[in-house]
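Listed below, chain by chain, are the residues.
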Amino acid sequence: MSQYNADTQQLINQTEQFVKRELSGAEGGHDWWHIYRVWKLARKIAVGEQVDLLVVELSALLHDIADSKFHNGDENVGPQKARSYLESAGVPEAVIQHVVNIILHISFKGGHNTGAFHSPELAVVQDADRLDAIGAIGVARAFSYGGFKNRAMYDPGIVPDLYMTKEQYKNSTAPTINHFYEKLLLLKDRMNTATGRLMASDRHAFMETFLEKFYKEWEGES
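The structure presented is a predicted model; accordingly, all values stated were derived computationally and were not measured.

Reading the values: rules and limits
Residues numbered from 1 in each chain as written. Predicted model: local features only at pLDDT ≥ 70, side-chain atom pairs only at ≥ 80, totals over all residues. Heavy atoms only, no water. Helix = DSSP H or I, 4+ residues; strand = E, 2+ residues; numbered from the N terminus. Salt bridge = Lys/Arg side-chain N within 4 Å of Asp/Glu carboxyl O. Buried < 20%, exposed > 50% of the residue type's maximum accessible area, 1.4 Å probe, protein only. Axes fitted to C-alpha atoms, helices over the stretch in contact; angles between N-to-C directions. Parallel < 35°, antiparallel > 145°, perpendicular 65-115°, else oblique. Left-handed = near helix turned anticlockwise from the far one by under 90°. Contact = heavy atoms within 4.5 Å. Nonpolar A, V, L, I, M, F, W, Y, C, P; charged D, E, K, R; others polar. Phe/Tyr/Trp six-rings, centres within 6.5 Å; stacked < 30°, edge-to-face > 60°.

(A) The environment of Leu86, seen in detail. Among the secondary structure elements, Leu86 is positioned in helix 4 (residues 77-88). Measuring from C-alpha to C-alpha, the distance between Leu86 and Leu58 comes to 9.1 Å, with 28 residues separating the pair along the chain.

As structure tokens, then:
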């Protein structure tokens, strides 16, 4: 990874400020600090990969600029907003299209997101985004969003559904604990990079320990 020139660094700084403004007041699990963590993770993972760092950073910064969960499920809002911003910033079309493709293909979407687009840069940013969905931060984010949606923490009578379609996954109102089995515990084995896999292993183990303790405390055993 080479050092940026002054203009490129200015673009990164400008994009950071743009995202901070756009996500002011967002739900705690999908706010600027989520972007910040994914951005830092993406830079860390990129060190060992042959990637275009500018594409990685812009994609990490803009990947949740308009998450479909907060826009009536519309998956085009985010890519369109990212494109509009990048065009206004004078970014070359090839870079814009790559960033937009990453935003379109980064999400888990029930595990059925096997789109035709692949790139080393997508692999890096996707791993960073998935890492922020697991571990201690992942636990916190899951319950933050569950509270935001007024969902039950846990209901023993509602079992996880591992075979949901993309639409069923998007529209699910299941308790937050179910989300661990329907997504979070699956992510460790879906990482793309060596660094991502290594970091995911530790975070995955934390979630397993958390769930074990959660069930004991639920039954008043601990």
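Picking up after the structure, the text goes on.
(B) Molecular detail of the pattern of salt bridges. Going through the model one piece at a time under the given rule, you end up with ten salt bridges. A salt bridge links Glu16 to Lys20; the nearest nitrogen and oxygen atoms lie 3.3 Å apart. Placement of both Glu16 and Lys20 in helix 1 (residues 6-22) is noted, with a separation of four residues, approximately one turn of the helix. The class of Glu16 is buried, set by a relative accessible area of 16%. Put simply, Asp132 and Arg141 hold a salt bridge, and the shortest N to O gap is 3.6 Å. Ionic contacts of the salt-bridge type, sharing partners, join the residues Arg37, Asp132 and Arg141 into one network.

(C) Quick peek at the packing of helix 3 (residues 53-62) against helix 5 (residues 93-105). As a packed pair, helix 3 and helix 5 sit with axes 9 Å apart at the nearest point and diverge in direction by 45°. By the angle class used here, helix 3 and helix 5 are oblique. Read as a crossing pair, helix 3 and helix 5 show a hand that is right-handed. Counted together, Val55, Leu58, Ser59 and Leu62 of helix 3 and Val95, His98, Val99, Ile102 and Ile103 of helix 5 form the full contact between these two elements. Looking at the contact of helix 3 with helix 5 residue by residue, the class counts come to seven nonpolar, two polar and no charged.

(D) Representation of the side chain of Thr15 in the model. Among the structural elements, Thr15 can be located in helix 1. In this structure Thr15 touches Leu58, Leu61, Leu62 and Tyr85, once residues within four positions along its chain are discounted.

(E) Up close: the packing of aromatic side chains. Tallied over the entire structure, the rule returns 15 aromatic pairs. Each ring, one from Phe214 and one from Tyr215, has its centre 5.9 Å from the other, and the planes form 85°; the classification is edge-to-face. A residue is classified by how much of its surface remains accessible, and Tyr215, at 27% relative accessible area, is partly exposed. Through a chain of ring-to-ring contacts, three or more aromatic side chains come together here, namely Phe143, Tyr154, Phe180, Phe210, Phe214, Tyr215 and Trp218.

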